[in-house]
Amino acid sequence: MYNDKESQKIVDIIQNYARKHSLFVLAYGTGCGAIEIPPTMTSRYDAERFGIRGAATPRQADVLLITGYLATKSLKRVIKVYEQMQDPKYVIGFGSCTINGGMYWDSYNTINVLDKYLPVDVYINGCMPRPEAVIAGFVKLQKQIQAGKADGWDKYKKNLDYYKENQKKVITNWVMPDFNW
Amino acid sequence: MSENKLHNEQKLLDLLEKKFILKESKIRREKRVEVKVEPKEIIPVLLYAKDNSGYTAFTHMSCVDWIEDGEFEVVYILWHPEEKINFFVKTRVPRDNGTLPNIDFIWRQANTYEREIREMFGIQFEGLIGREEFILEDWEHMPPMRRDFDTAKFVEKTYFYRPGREDAKDVREYVQERTDEELPDFAKKYSRD
Ligand code: SF4
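The structure reproduced in this document is the subject of the present report. Sequence order sets the numbering: in each chain, residues are counted from 1 along the sequence as written. The lettering of chains begins at A and the numbering of ligands begins at 1, in the order of writing. Where local features are concerned, this predicted model is filtered to residues with pLDDT of at least 70; where side-chain atom pairs are given and counted, the filter is 80 or more; whole-chain, interface and lining totals use all residues. Side-chain measures here rest on the full set of heavy atoms in the structure, leaving out hydrogens and waters.

What about helix H1 (residues 7–19) of chain B?
Every α-helix carries 3.6 residues per turn, so stepping three or four residues along brings you back to the same face.
Residues and elements named next belong to chain B.
Move 1: Relative to the 18 Å expected for 13 residues at 1.5 Å per residue, H1 spans 19 Å between its end C-alpha atoms, a close match to the ideal helical length.
Move 2: The complete set of buried residues in H1 reads Glu9, Leu12, Leu13 and Leu16. Along the axis of H1, the buried positions cluster into a sector of 95°, meaning they face one direction only.
Move 3: Two residues form a contact once any of their heavy atoms are found within 4.5 Å. Numbered from the N terminus, helices here are DSSP runs of H or I no shorter than four residues, and strands are runs of E no shorter than two. On its buried face, H1 sits against strand E1 (24–29), strand E2 (32–37), helix H2 (42–51) and strand E5 (85–94). Helix span, expected: 1.5 Å multiplied by one less than the number of residues in the helix. Buried residues are those whose accessible area, probed at 1.4 Å on protein chains only, stays under 20% of the maximum for their type, while exposed residues exceed 50% and partly exposed ones sit between those limits. What the arc covers is the set of directions going from the helix axis to the C-beta atoms.

Following this line, the structure appears as structure tokens:
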């Protein structure tokens, strides 16, 4: 049955529908933006009604939130975490620091453009974005997933050389095992 | 301010002046006393302030890069819990191969500050225990908080730039434009272009 194109389509729709309503977010914050996550998750904004909730370990998570500026030191950890996550996985860049460096654009140890190092599915701008904006970003991600367009993880595999080259440009002492899946 | 009000501040200065050779000493304002000493006087002054004058709390330790004088100024900030006075002890070391005595046997927490200053400015502390690498990881350039480290150039070389923020300016230029303030020459010399 799976060889049949039409039925594959239906399977995809059901799969994407299930995926989009159970986004497990890795509880990992890098910059100041992480402070907006508790209000988003708790009763006032209640992100769980969208199926968004926390996950304790990278292997159980679907979404990696990069909540703000990324020091080269934490970039190393973020890459490690991202590569441990199971497909399909999504990255949300959170706050202007991930987009163009924000107010840390001329800092000697923070990266400026996140999508050169990791494939980003959705950017949420603002310094820092309010919970409404965060939820809007998640809804956008859900729409992308439903449409089958949130394929950052696939791009990462296909363009691994490009990403690795950029990553190794800032991480001079590369002591991690290389990506395998 | 009446003389009476500064009684506690003056008392400390009088005691210190009797005991040590101070390069400079003054009462900045109420609750704020400042002295400048030679590096070799640091430990005696700090010990005296702690054991005899009640400045038992070590609040902070920081470093200023006086590139125009070729010196670093290290500032030790102590606090008197009862009289609520801040006591600043300042000392200067040369920018190249400056060394200072280690004071972490007086206050343990000074160790953290000293390691940070060593990493960020490159001042050595005699007999300081702890790995050379502290906050930065795999850093192989000049200590980044030195003023002759050109951050903008480093960022340009190392990181990517997303177009659209070309209007980002040096803060000093911006302030100058807004307030018509003349920048001193030394500030111009180390500004971005
Ligand atoms: S975008 Fe603003 S709030 Fe977010 S990490 Fe950067 S400085 Fe902090």
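Examining the packing of helix H1 (residues 5–20) of chain A against helix H5 (residues 131–146) of chain A
Two numbers describe a pair of packed helices, the interaxial angle and the distance between the axes.
Residues and elements named next belong to chain A.
Move 1: The axes are straight lines fitted to the C-alpha atoms, using for helices just the contacting stretch, and the angles between their N-to-C directions are given from 0 to 180°. Following both chains from N to C, one finds H1 and H5 inclined at 165°, their axes separated by 8 Å at the closest point. Accordingly, the angle class assigned to the pair H1 and H5 is roughly antiparallel. Considering how the two elements wind past one another, H1 and H5 form a crossing that is right-handed. In this structure, H1 uses Ile13, Asn16, Tyr17, Arg19 and Lys20 to contact H5, whose residues at the interface are Gln142, Ile145 and Gln146.
Move 2: Here the term charged refers only to Asp, Glu, Lys and Arg, the term nonpolar to Ala, Val, Leu, Ile, Met, Phe, Trp, Tyr, Cys and Pro, and the term polar to all other amino acids, Gly among them. Taken together, the residues of the contact of H1 with H5 break down into three nonpolar, three polar and two charged. In these notes the angle categories are as follows: under 35 degrees is roughly parallel, over 145 is roughly antiparallel, 65 to 115 is roughly perpendicular, and the rest is oblique. Take the far helix as your reference; a near helix turned counterclockwise from it by less than a right angle gives a left-handed crossing, and one turned clockwise gives a right-handed crossing.

A word on the sheet that holds E2 of chain B
All names here are of chain B.
Move 1: Any two strands with at least two DSSP-identified bridges between them are counted as paired. Taken together, the five strands give an open sheet; going across it, the order is E1-E2-E5-E4-E3, and neighbouring strands pair in mixed fashion. The open sheet is flanked by E1 and strand E3 (57–66), the only strands paired with a single partner. The sheet shows a mean angle of 20° between the axes of neighbouring strands, taken without regard to direction.
Move 2: Two strands pair when backbone bridges link them, and E3 and strand E4 (residues 71–80) are joined in this way by nine bridges, in the antiparallel orientation. In the strand pairing of E4, Ala57 is matched with Trp79.
Move 3: The sheet contacts of H2 involve E2, E4 and E5, and relative to E5 the element is tilted by about 170°.

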